[in-house]
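# Secondary and tertiary structure notes
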Amino acid sequence: MVANEVSKPWTRICCNPNHSAFVYFAPAYDQNNVILTMERPGCKCDGCFDVMCLFDSPKPCTGGGCYTCHDMCVEEVTLHDGMVTGEPGVELQNARPLAVIRQPMQCCQMPMDGCTPTLDVFPAQGETPYAQITGPTLFGGCSELCCESHFRYTSDGREAGQVTHLTPKSPGEVFKAICTDSDNYGIEFAPGASEVDKANMIAGSVLLDYMFFENVRPAPVSYTHLRAHETLRYLVCRLLLEK
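Residues numbered from 1 in each chain as written. Predicted model: local features only at pLDDT ≥ 70, side-chain atom pairs only at ≥ 80, totals over all residues. Heavy atoms only, no water.

### Describing the overall build of the protein
Convention followed: A run of DSSP states H or I qualifies as a helix once it reaches four residues; a run of E qualifies as a strand once it reaches two. Both are numbered from the N-terminal end. Classification of residues uses two cut-offs on accessible area relative to the type maximum, computed with a 1.4 Å probe and protein chains only: under 20% is buried, over 50% is exposed, and between them is partly exposed. Accessible surface is estimated by sampling points in the Shrake-Rupley manner with a 1.4 Å probe; for residues, cover comes only from the protein chains shown.
Per the secondary structure count, the protein includes four helices and 14 strands. Relative to its 243 residues, the protein shows a buried fraction of 49%. Only carbon and sulfur atoms are counted for the fraction: they give 58% of the accessible area of the protein, which is about 11800 Å².

This is the structure in structure tokens:
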């Protein structure tokens, strides 16, 4: 499977990694057949000195990590069935939402657990989350080169899988990790995980990358390759995210 990001050039260059974007998921053998769209409302602008972006953006102040106190700063993506076009967070065509992955306001609501990265998963039409992605308290920085970061996905109280930010496995991967925005992810689907849970984990890995593992510098293009293989216990997916 291949995922392609579509975003406006100035928005991507000036607001990266907190920019508005669509991410289209399609089979590697038929990339025109989009089976899933991830809509990410964020910051948008028409230039790096465009002060109106604070008023025109659907989410002008994302990028606060685990700490958020206002809806305008909350990271959020919506998963849609098939291909959706338009402008993220503003106007959509052919929208068929499946689920919403949203960052809770951990520093303003109980329990105030702002040290643990958390994402709640909601149905397309609903106010109660049915799944959650939770990560480790300590991760990132230079530790990315030697320590894996595990993000557990639980659905209806049971563990349905795990997203893992992987460490580099060769000198070439170490050099790429230091000098570029390339990241490797592994996704494990537990037996019994639903199709929607699997889609949520794939999209969640991309959102986690935007939130916690991207460097703030211009990124002219991004693409994702997803590889999967079956084991006795899990369906294991491997993502390569490159900027």
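And the narrative resumes.
### Let's talk about the pairing of strand β10 (residues 149–155)
Strand residues, when the strand is regular, have side chains that alternate between the two faces of the sheet. Put simply, the test is: One requirement defines pairing of two strands: DSSP has to find at least two bridges between them.
Burial of β10 is extensive: five of the seven residues sit out of reach of the surface. Bridge analysis of strand β9 (residues 131–134) against β10 gives four bridges, and the strand direction is antiparallel. Directly across from Gln 132, in β10, lies its bridge partner Thr 154. Pairing analysis gives seven bridges linking β10 to strand β11 (residues 158–165), with the strands arranged antiparallel.

### Notes on the packing of aromatic side chains
What counts, and what does not: When the centres of two rings from Phe, Tyr and Trp lie within 6.5 Å, Trp using its six-membered ring, the rings pair. Their planes under 30 degrees apart give stacked, over 60 give edge-to-face, and anything left gives tilted.
In total, this model carries three aromatic pairs according to the counting rule given. Between Phe 151 and Phe 213, the ring centres sit 6.3 Å apart and the planes meet at 85°, which makes this aromatic pair edge-to-face. One end of the pair, Phe 151, is in strand β10; the other, Phe 213, is in the loop between α4 (195–212) and β13 (223–230), with 62 residues separating them in the sequence. Classification of Phe 151 as buried rests on a relative accessible area of 1%. Ring geometry for Tyr 185 versus Phe 213: centroids 6.1 Å apart, planes at 80°, classification edge-to-face. Placement of the pair is Tyr 185 in strand β12 (residues 183–189) and Phe 213 in the loop between α4 and β13, with a sequence separation of 28 residues.

### A look at the side chain of Ser 155
Keep this limit in mind: N or O atoms closer than or at 3.5 Å make up a polar contact, with two conditions inside protein: a donor-capable atom paired with an acceptor-capable one, and, for residues adjacent in sequence, both atoms drawn from side chains. Note on contacts: a residue pair qualifies if any of its non-hydrogen atoms lie within 4.5 Å across the two residues.
One can find Ser 155 in strand β10. Engagement of the side chain of Ser 155 in a polar contact is seen with the side chain of Asp 197, the distance being 3.4 Å. In this structure Ser 155 touches Tyr 130, Ala 131, Ala 160 and Asp 197, once residues within four positions along its chain are discounted.

### Topic: the nonpolar core
Condition: Side-chain atoms within 4.5 Å are what join buried Ala, Val, Leu, Ile, Met, Phe, Trp, Tyr and Cys residues into a set we call a nonpolar core.
Val 23, Phe 25, Met 38, Ile 101, Leu 119, Tyr 153 and Val 163 are the most contacted members of the largest nonpolar core, which totals 31 residues. When residues in this core are grouped by element, the largest group, nine residues, is from α4. Apart from the residues lying within four places of it in its own chain, the contact partners of Ile 101 are Glu 75, Glu 76, Val 77, Leu 119, Asp 120, Val 121, Asn 200, Ala 203, Gly 204 and Leu 207.

### What to know about the side chain of Thr 37
Counting through the fold element by element, Thr 37 comes out in strand β3 (residues 36–40). Using a relative accessible area of 0% as the deciding quantity, one classes Thr 37 as buried. Every residue in contact with Thr 37, bar those within four places of it in the chain, is listed here: Phe 22, Val 23, Tyr 24, Thr 78, Leu 79, His 80, Gly 82, Met 83 and Val 84.

### Some thoughts on the pattern of salt bridges
Selection rule: Any Lys or Arg side-chain nitrogen located within 4 Å of an Asp or Glu carboxyl oxygen qualifies as a salt bridge.
Applying the stated rule across the entire model yields six salt bridges. Here Lys 169 makes a salt bridge to Glu 148, at a shortest N to O gap of 3.5 Å. Residue Lys 169 is found in the loop between β11 and α3 (171–179), and its partner Glu 148 is found in the loop between β9 and β10; the two are separated by 21 residues along the sequence. With a relative accessible area of 53%, Lys 169 lands in the exposed category. The exposure class assigned to Glu 148 is partly exposed, which follows from its relative accessible area of 34%. One salt bridge connects Asp 197 with Arg 158, and the closest N-O pair in it is separated by 3.8 Å. Here Asp 197 is found in helix α4, whereas its partner Arg 158 is found in strand β11, with 39 residues between them in sequence.

### Brief notes about the confidence of the model for the protein
The condition is simple: Scored from 0 to 100, pLDDT records how confident the predictor is in each individual residue.
In this model, the protein carries a mean pLDDT of 78, and residues with pLDDT of at least 70 account for 75%. Summarising per-element confidence for the protein, the mean pLDDT is lowest in β13 (42) and highest in β9 (93). Here residues 216–236 scores under 50 on pLDDT; set against residues more than four positions off or in separate chains, the count is 62 contacts. Within the model, the stretch residues 238–243 combines pLDDT values under 50 with 43 contacts to residues more than four positions away or in other chains.

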